[in-house]
Amino acid sequence: MAITITTGTFKDITAVSKHIPELLTTIDNQALDSRLNNKKALILVAYLEDTLVGFKIGYEQSTTQFYSWLGGVHFKYRRRGIAKKLLIQQEQWAAEQGYTHIHVKSMNQFPQMLTMLITNGYHIAGYVDKQSTMLSKIKFLKQLAK
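Residues numbered from 1 in each chain as written. Predicted model: local features only at pLDDT ≥ 70, side-chain atom pairs only at ≥ 80, totals over all residues. Heavy atoms only, no water.

Undergrad: For this particular structure, what's the right way to read the pairing of strand S3 (residues 51-60)?
TA: A regular strand places its side chains so that they alternate between the two faces of the sheet. With eight of ten residues buried, S3 is to be regarded as a mostly interior element. Direction of pairing for strand S2 (residues 41-48) relative to S3: antiparallel, over a ladder of eight bridges. Considered in S3, the bridge of Tyr47 is made with Leu52. Counted along the chain from S2 to the antiparallel partner S3, the turn is two residues long, and its residue Glu49 has a positive phi close to 60°. Connecting the antiparallel pair S3 and strand S4 (residues 65-73) is a turn made up of four residues. (Buried < 20%, exposed > 50% of the residue type's maximum accessible area, 1.4 Å probe, protein only. Helix = DSSP H or I, 4+ residues; strand = E, 2+ residues; numbered from the N terminus. Pairing = 2+ DSSP bridges.)

Undergrad: Mind showing me how you'd approach the packing of aromatic side chains here?
TA: Geometry of an aromatic ring pair is reported as the spacing of the ring centres plus the angle between the planes. Overall, the coordinates contain four aromatic pairs when judged by the stated rule. Seen from their ring centres, Trp93 and Tyr99 are 6.3 Å apart, and the 35° between their planes marks the pair as tilted. In this structure Tyr99 comes out as buried when scored by relative accessible area, which is 2%. If you follow Lys39 out to its NZ or CZ, it ends over the ring of Tyr59, 4.8 Å from the centre. (Phe/Tyr/Trp six-rings, centres within 6.5 Å; stacked < 30°, edge-to-face > 60°. Lys NZ or Arg CZ within 6 Å of the ring centre and 35° of its normal.)

Undergrad: Help me understand the confidence of the model for the protein in this model?
TA: The predicted coordinates of low-pLDDT regions are not to be read in fine detail. Looking at the protein, the pLDDT average stands at 92 and 97% of residues meet or exceed 70. Averaged over each element, pLDDT in the protein is lowest for helix H2 (residues 29-36) (88) and highest for S2 (97). (pLDDT = per-residue confidence, 0-100.)

In structure tokens, the structure reads:
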């Protein structure tokens, strides 16, 4: 089955986010607009054949840094390489836009995400202590090819 990655909309994100149990906050148009308003942003969505199955959102932090904010794959369609394809497409787009680094945060409670980041060349660059090892955030950084 073919996986297609393309740009998406707020509507796409809210539709697929309902099928991603790990999301810790409600993803609706207001939350998306609040975070992305007046920022250069990229919304990617993944389709498996004609079914919307995942997304990845990021935005500009500075002229050289892009922040990969949020993403996920529908729980029924995991372990098919969809998240990795979204990650790679986001990195390619960011490099084409002239960004030199991508930043992302994750948590110990998401070991598959941590593994994917490290496997794909992201380095641990910091830690945000939330008084719990499961809720604290690990900061990652990847230098993009020029």
